[in-house]
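Residue-level structure breakdown
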Amino acid sequence: MYALGLDTTSSALTLGISNFDQINRYQTWDLGRDISIYLHQYLEAFLAPLSWSELEWLVVAQGPGSFTGTRIGVVTARTLAQQLHIPLYGISTLTAQAYAYACSLSKVNEGELIAVEYPGQRGSVYGSLFTWEASNQTLSTYKPLQYIDLEGWQQLLSTEEIHHHLFPDTVEPKGICQAMIALAHQQWQAGQQPTWQDILPYYGSLAASPPSR
């Protein structure tokens with residue numbers, strides 16, 4: 001079983017592929033605004049020597065992040081999943097960041113709160129709170145992803161005992177992609193198989209519905 005991860009939510013393109021055994025490859029390219037031009041070229045080169053038919057499922061970063069980059073990544077993943085007739089998982093970048101951080105540090109203890117924030121526009125932020133279950137390496141959502149003004153976010157944080165506070169550069173792109181694949185694998189093992197129609201980008205609009213994971 002091979003799984004492919006795709007993250008275009010920042011100025012970098014990050015791809016990962018794993019069979020959850022001996023094959024675990026990840027690579028990042030800083031393409032900036034050229035992501036839309038070179039994405040398919042890098043995808044094909046990265047996948048080799050595998051063929052598209054060997055992929056069992058896909059996972060994509062739904063955002064928040066760059067509007068254009070997020071849209072390109074999700075549209076590409078939806079198209080691939082549709083054409084290949086395989087499940088497509090969507091993971092929010094904040095969830096992936098929290099999971100990657102907790103897995104990489106033994107100092108995140110049982111039940112501790114992890115706050116993750118990403119800057120928005122006009123004094124707003126994307127924020128979410130998670131708890132870490134160290135005993136079984138499980139991340140649980142304590143406060144779901146929301147787009148909120150900075151003052152409201154800071155007020156929310158002041159009412160909770162935050163043990164870890166993460167920002168966009170806390171975890172490198174490779175770690176986020178690894179976390180995306182790991183989180184999607186958990187859903188796969190649980191028998192969840194979402195289709196490409198289920199996965200939408202999250203741009204952070206106050207009127208938009210955030211990804212559920």
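Up top is the structure these notes are about.
Description of the structure in this document. (Residues numbered from 1 in each chain as written. Predicted model: local features only at pLDDT ≥ 70, side-chain atom pairs only at ≥ 80, totals over all residues. Heavy atoms only, no water.)

Within the secondary structure, Asn 24 is located in strand 3 (residues 24-30). Put simply, Asn 24 and Tyr 2 are 22 residues apart on the chain and 9.6 Å apart in space, counted from C-alpha to C-alpha. In this structure Asn 24 touches Ile 17 and Ser 18, once residues within four positions along its chain are discounted. A distance of 2.6 Å separates a polar atom in the side chain of Asn 24 from a polar atom in the side chain of Ser 18. (Helix = DSSP H or I, 4+ residues; strand = E, 2+ residues; numbered from the N terminus. Contact = heavy atoms within 4.5 Å. Polar contact = N/O pair within 3.5 Å; in protein donor to acceptor, adjacent residues only side chain to side chain.)

Moving on, we come to the environment of Val 116. Positionally, Val 116 belongs in strand 6 (residues 113-119). Of the residues examined, Val 116 reaches a relative accessible area of 0% and is grouped as buried. C-alpha separation for the pair Val 116 and Gly 175, spaced 59 residues apart in sequence, amounts to 15 Å. Among all residues touching Val 116, those that are not within four sequence positions of it are Leu 94, Gln 97, Ala 98, Tyr 126, Gly 127, Ser 128, Phe 130, Trp 153 and Leu 166. (Buried < 20%, exposed > 50% of the residue type's maximum accessible area, 1.4 Å probe, protein only.)

Compared with the 18 Å implied by 1.5 Å per residue over 13 residues, the 17 Å span of helix 1 (residues 35-47) between its first and last C-alpha is a close match. Considering bend angle alone, the principal kink of helix 1 is centred on Gln 41 and spans about 25°. Among all positions of helix 1, only Ile 35, Leu 39, Leu 43, Phe 46 and Leu 47 are buried. Taken together, the buried residues of helix 1 touch strand 1 (2-7), strand 2 (12-18), strand 3, strand 4 (55-61) and helix 2 (67-84). (Expected span 1.5 Å × (residues − 1). Bend = angle between axes of the 7 residues up to and from the residue.)

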